Amino acid sequence: MSEAIRRLDGTPMPEDELLAYYDVDQEPDDDWGWLSEMDDLLLIGITDVPGGCVITQP
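No experiment lies behind these values; they were computed from the predicted model shown.

Draft legend 1. Just the packing of aromatic side chains, in detail. A full pass over the atoms with the stated rule returns 1 aromatic pair. Between Tyr21 and Tyr22 the ring centres are 4.8 Å apart and the planes differ by 85°, which places this aromatic pair in the edge-to-face class.

Written out as structure tokens, the structure reads:
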């Protein structure tokens, strides 16, 4: 995952920083539903999976 972030010239952002950056007041039962309304092409999600990583963009 860190290699993908480096290659994309990205910056890792913990959940609390991400919510503060987008000024999101997340409800405990909302999970990541607010992401479906995002229109920021600079925002991507990366997660590790066996054999590599998955990259998503809202």
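Back to the write-up after that little detour.
Draft legend 2. Highlighting the layout of surface pockets. Volume-wise, the largest pocket comes out at about 680 Å³. If you go around the largest pocket, you meet 25 residues; those closest to its centre are Thr11, Met13, Leu43, Ile44 and Gly45. Looking at the lining of the largest pocket, the elements with two or more residues in it are helix 2 (15-21) and strand 1 (45-49). For the lining of the largest pocket, the leading source of residues is helix 2, giving 3 residues. When grouped by side-chain class, the residues that make up the lining of the largest pocket number 17 nonpolar, 5 polar and 3 charged.

Rules of the game
- Residues numbered from 1 in each chain as written.
- Predicted model: local features only at pLDDT ≥ 70, side-chain atom pairs only at ≥ 80, totals over all residues.
- Heavy atoms only, no water.
- Phe/Tyr/Trp six-rings, centres within 6.5 Å; stacked < 30°, edge-to-face > 60°.
- 1 Å grid on protein atoms, 1.4 Å probe; cavity = no way out; pocket = protein on both sides within 12 Å on 5 of 7 lines; lining within 4 Å.
- Points joined across faces, edges and corners; volume = space filled by probe spheres on them.
- Helix = DSSP H or I, 4+ residues; strand = E, 2+ residues; numbered from the N terminus.
- Nonpolar A, V, L, I, M, F, W, Y, C, P; charged D, E, K, R; others polar.

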